Amino acid sequence: MMEKLWIFDTTLRDGEQVPGCQLDSFEKIIVAQALERLGVDIIEAGFPISSPGDFNSVVEISKAVSDPIICALSRAVEKDIEVAADALKYAKRGRIHTGIGVSEYHILHKLRSTPEKVIERAVHAVKFAKRYVEDVEFYAEDAGRADNEYLARIVEAAIHAGATVVNIPDTTGYCLPEQYAQKIKFLKENVSNIHKAIIATHCHNDLGMATANTIAGVQHGARQVEVTINGIGERAGNTSLEEVVMAIKCHSDIPVFTSINTPKIYETSRLISKLMNMPIQPNKAIVGRNAFAHSSGIHQDGVLKHRENYEIMDPKDVGVEESSIVLTARSGRAALKHHLQLLGFPCEGDKLELVYNDFLKLADAKRDIGRKDLLQLVGEYLEDNSFVQLGKVSYQYGDVVKSTVELTIGDKKSTSSAEGNGPVDAVIKAIEKVVEQEIELDEFLIQSMAKGSDDVCKVHMRLMHNNKPYHGFASHTDIVLASAQAFVDAINKLPVKQPAIN
Ligand SMILES: CC(=O)SCCNC(=O)CCNC(=O)[C@H](O)C(C)(C)COP(=O)(O)OP(=O)(O)OC[C@H]1O[C@@H](n2cnc3c(N)ncnc32)[C@H](O)[C@@H]1OP(=O)(O)O
Ligand SMILES: CC(C)C(=O)C(=O)O
């Protein structure tokens, strides 16, 4: 029989601990509401004792969100628990998450205590939390490295004291999937009252095993998974929500279901990445830019013949409009033919052969083959009179930065000025003013190629147009110019109509 797997999202607590990811209360509410729309069951909203700001966020999230359980973290310390309870006062359903370290490292070298005293503190903390809320989750910190016999004792005591959920964190990301699975199995078989609580996983990714360990835990009886969007979290991160949810969806033999509205995954992932300033690596499972991009000929041919040849999930199931066939020097005739067809130039036989040979030469010399290149290859590219070309770019500092850019379409020149937050913002705004397209700058990455201050920087921009992404690339020693060129490069890839100039 299929059982419910509770999705406990800790993006706003463990995820937010990451340097640079801190959010204010307003931003946290936006995230919490997105998590509610995504369908998570529990939102860990913060660690209220840690700061007035975090306390306030838990209060405001409790008011703003109605469906999920709102959870607040605490140590096994009375004051922490009191403050957590106070922060949860507006929550429709509030949960206190309390616990203590259970590995030898933590007992001896962090808490400077003894195993027996730690059990006493755990029991006291759970009982104390029960005075305020019915729903109390106990975490056995560093359970991944703890002795299983001792772990079973403290978990049994916590359940006896009233814990409704027992969390078995692999805090340091140490376990291998089989070890973690055995730990959960051991608890199922050796904790006499385990049927009275839900077992939760909370795995970190120090060895890249967080998702594998979480799934192994579920396969052995865990029924709550603690996860974050994009896998953000302390050090190498937490288990990523999207990976676990989609692994379960793809493997119907795992006897659990989740309440996640999977087509909302992609937009939630982008929101978190943007608000927390955490770019997503292109090859990140499920939500990375290349997760549904096919770039080598054999794969492209396979996907074009039958999507499932190289895709285990439908991109629409995670909110990605469609998979993409990216033209590179590793592409074959099938991919080239597909793109030419899309442009309205069906090409077969000898003609395709000729174009393909030229295409390979171009693709060897140029990494990114776009629409303009293809039109040139089929001899249909007239004078460069319909695409945006960037001319002179200038800007000056003052109270606000002012920029002027020259843009050309064919022989029509246009000059545009704008003000912005900084030179890149001012230049992008000036370009936007003259390009008649609905576009949104969705991602902006600047990377230096080497190390020196004389270095060339590489810019990647992603624009959204009609819910589809268009990528622009450029490199230059001048960051502002590289950004402007990357922006124009992406604009030139918009397929619907060629960008016009005012
Ligand atoms: C695995 C996790 O716990 S994930 C959560 C981690 N998140 C955070 O730490 C962010 C929020 N933390 C904070 O704001 C602060 O660390 C506070 C408010 C909790 C505590 O601040 P301080 O009182 O200044 O203590 P400090 O951070 O220096 O040290 C932590 C103390 O808590 C103790 N402690 C750590 N975990 C626990 C626990 N679960 N239960 C009881 N005590 C604990 C440590 O042993 C140490 O005590 P000591 O000072 O007597 O040696
Ligand atoms: C507080 C606990 C659940 C934690 O974050 C960890 O052990 O990693």
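Just so we're clear, the structure is a prediction, and the values are computed from it rather than from any experiment.

### Things to note about the overall build of the protein chain
Secondary structure assignment for the protein chain yields 16 helices and 18 strands. Burial analysis of the protein chain (502 residues in total) assigns 42% to the buried set. Of all intrachain contacts in the protein chain linking residues separated by at least 6 positions in sequence, the fraction that spans at least 24 positions is 66%.

### Quick word on the sheet that holds strand β8 (residues 198–203)
Strand order in the closed barrel made by the eight strands is β2-β3-β4-β5-β6-β7-β8-β9, with parallel pairing throughout. For this sheet the average axis-to-axis angle between neighbouring strands, irrespective of direction, equals 25 degrees. Pairing geometry for strand β3 (residues 42–46) and strand β4 (residues 69–73), over four bridges, is parallel. Bridge assignment links Ile-43 to a residue of β4, and that residue is Ile-70. Here helix α5 (residues 115–130) sits on the sheet in contact with β5 (94–101) and β6 (135–141), set at roughly 170 degrees to β5.

### Describing the sheet that holds strand β17 (residues 457–465)
Strands sit in the order β16-β17-β18 across an open sheet of three strands; the sheet is antiparallel. Taken across any chain shown, the strands that pair with only one partner, and hence form the sheet edges, are β16 (440–448) and β18 (468–476). Between one strand axis and the next, the sheet turns through 15 degrees on average, direction left out of account. Along the sheet face, helix α16 (residues 479–491) touches β16, β17 and β18 and points at about 145 degrees away from the line of β18.

### A word on the nonpolar core
Buried together is how nonpolar side chains tend to be arranged in soluble globular proteins. The biggest cluster of nonpolar side chains holds 97 residues, and the ones touching the most others in it are Ile-43, Ala-140, Val-155 and Val-166. Ignoring any residue separated from it by four or fewer positions in sequence, one finds Ile-43 in contact with Asp-9, Leu-12, Ala-32, Leu-35, Ile-61, Val-65, Pro-68, Ile-70 and Cys-71. Ranked by size, the runner-up nonpolar core spans 27 residues in total, among them Val-424, Ile-428, Ile-431 and Val-435.

### Some thoughts on the domain arrangement of the protein chain
Segmentation of the protein chain into domains returns domain 1 (3–275), domain 2 (293–377) and domain 3 (389–491). Between domain 2 and domain 3, the C-alpha centre-to-centre distance is 27 Å.

### Let's talk about the UniProt feature "domain: Pyruvate carboxyltransferase" (unreviewed entry) in the protein chain
The residues that UniProt annotates with the feature "domain: Pyruvate carboxyltransferase" (unreviewed entry) are residues 5–266. Here residues 5–266 runs as 42% helix and 18% strand, with 21 Å between its end C-alpha atoms.

### Observations regarding the packing of helix α8 (residues 210–219) against helix α9 (residues 241–250)
Orientation of α8 relative to α9, taken along the N-to-C sense of each, is 45 degrees, at an axis distance of 10 Å. When the axis of α8 is compared with that of α9, the two are oblique. Handedness of the α8/α9 crossing: right-handed. Contacts between α8 and α9 involve Thr-211, Thr-214 and Ile-215 on the former and, on the latter, Glu-243, Val-244 and Ala-247. Within the contact of α8 with α9, the residues separate by chemical class into three nonpolar, two polar and one charged.

### Remarks on the UniProt feature "binding site: Mn(2+)" (unreviewed entry) in the protein chain
As recorded in UniProt, the sites labelled "binding site: Mn(2+)" (unreviewed entry) are Asp-14, His-202, His-204 and Asn-238. The largest pairwise C-alpha distance within this set of annotated residues, which runs over 225 residues, is 10.3 Å, so the set is compact in three dimensions. Relative to the helices and strands, His-202 resides in strand β8. Residue class for His-202 comes out buried when judged on the 31 C-beta atoms lying within 10 Å of it. Look past the residues within four positions of His-202 in its chain and what remains in contact with it is Tyr-139, Asn-167, Pro-169 and Glu-226. When near neighbours in sequence (up to four residues on either side) are disregarded, His-204 contacts Asp-170, Thr-171, Thr-172, Gly-173, Ala-210, Gly-233, Glu-234, Arg-235, Ala-236 and Asn-238.

### Topic: the site of ligand 1
Lining the immediate surroundings of ligand 1 are 13 residues, of which Phe-47, Ser-50, Arg-75, Ala-76 and Ile-100 lie closest. Across the shell around ligand 1, the residue classes break down as six nonpolar, four polar and three charged.

### Some thoughts on unusual backbone geometry
Phi is positive for Asp-142, which is not a glycine, with a value near 60 degrees. Take Asp-142: there are 22 C-beta atoms within 10 Å of it, and that puts it in the buried class. The phi dihedral of Ile-286 falls on the positive side, at around 70 degrees, and the residue is not glycine. Looking at the secondary structure, you find Ile-286 in the loop between α10 (265–275) and β11 (293–294).

### Let's talk about α8
Most of α8 sits out of view: nine of its 10 residues are buried. In this structure, the buried side of α8 is in contact with β7 (165–170), α7 (177–190), β8, β9 (224–227), α9 and β10 (256–257). Within two residues after α8, Gly-221 carries a phi angle of roughly 125 degrees, on the positive side.

### Considering the site of ligand 2
Taken together, Asp-14, Leu-73, Tyr-139, Glu-141, Asn-167, Pro-169, Thr-171, His-202 and His-204 make up the full set of residues adjacent to ligand 2. Going through the elements one at a time, β6 and β7 are the ones with two or more residues in the shell around ligand 2. Grouping the amino acids of the shell around ligand 2 by side-chain chemistry returns three nonpolar, four polar and two charged.

### Concerning helix α1 (residues 25–38)
Relative to the 20 Å expected for 14 residues at 1.5 Å per residue, α1 spans 20 Å between its end C-alpha atoms, a close match to the ideal helical length. Within α1, burial applies to Lys-28, Val-31, Ala-32, Leu-35 and Leu-38. Buried residues of α1, viewed axially, fall in a sector of 115 degrees; they line one side. Looking one or two residues beyond α1, the residue adopting positive phi is Gly-39, at roughly 100 degrees.

Thresholds applied
- Residues numbered from 1 in each chain as written.
- Chains lettered and ligands numbered in written order.
- Predicted model: local features only at pLDDT ≥ 70, side-chain atom pairs only at ≥ 80, totals over all residues.
- Helix = DSSP H or I, 4+ residues; strand = E, 2+ residues; numbered from the N terminus.
- Buried ≥ 20, exposed ≤ 12 C-beta atoms within 10 Å, placed from the backbone.
- Contact = placed C-beta atoms within 7 Å.
- Pairing = 2+ DSSP bridges.
- Axes fitted to C-alpha atoms, helices over the stretch in contact; angles between N-to-C directions.
- Core = buried A, V, L, I, M, F, W, Y, C linked by C-beta atoms within 7 Å.
- Domains from an automatic or database assignment.
- UniProt positions renumbered as here; feature names shortened; annotations may be inferred.
- Parallel < 35°, antiparallel > 145°, perpendicular 65-115°, else oblique.
- Left-handed = near helix turned anticlockwise from the far one by under 90°.
- Nonpolar A, V, L, I, M, F, W, Y, C, P; charged D, E, K, R; others polar.
- Near = placed C-beta within 6 Å.
- Expected span 1.5 Å × (residues − 1).
- Arc of directions from axis to C-beta.

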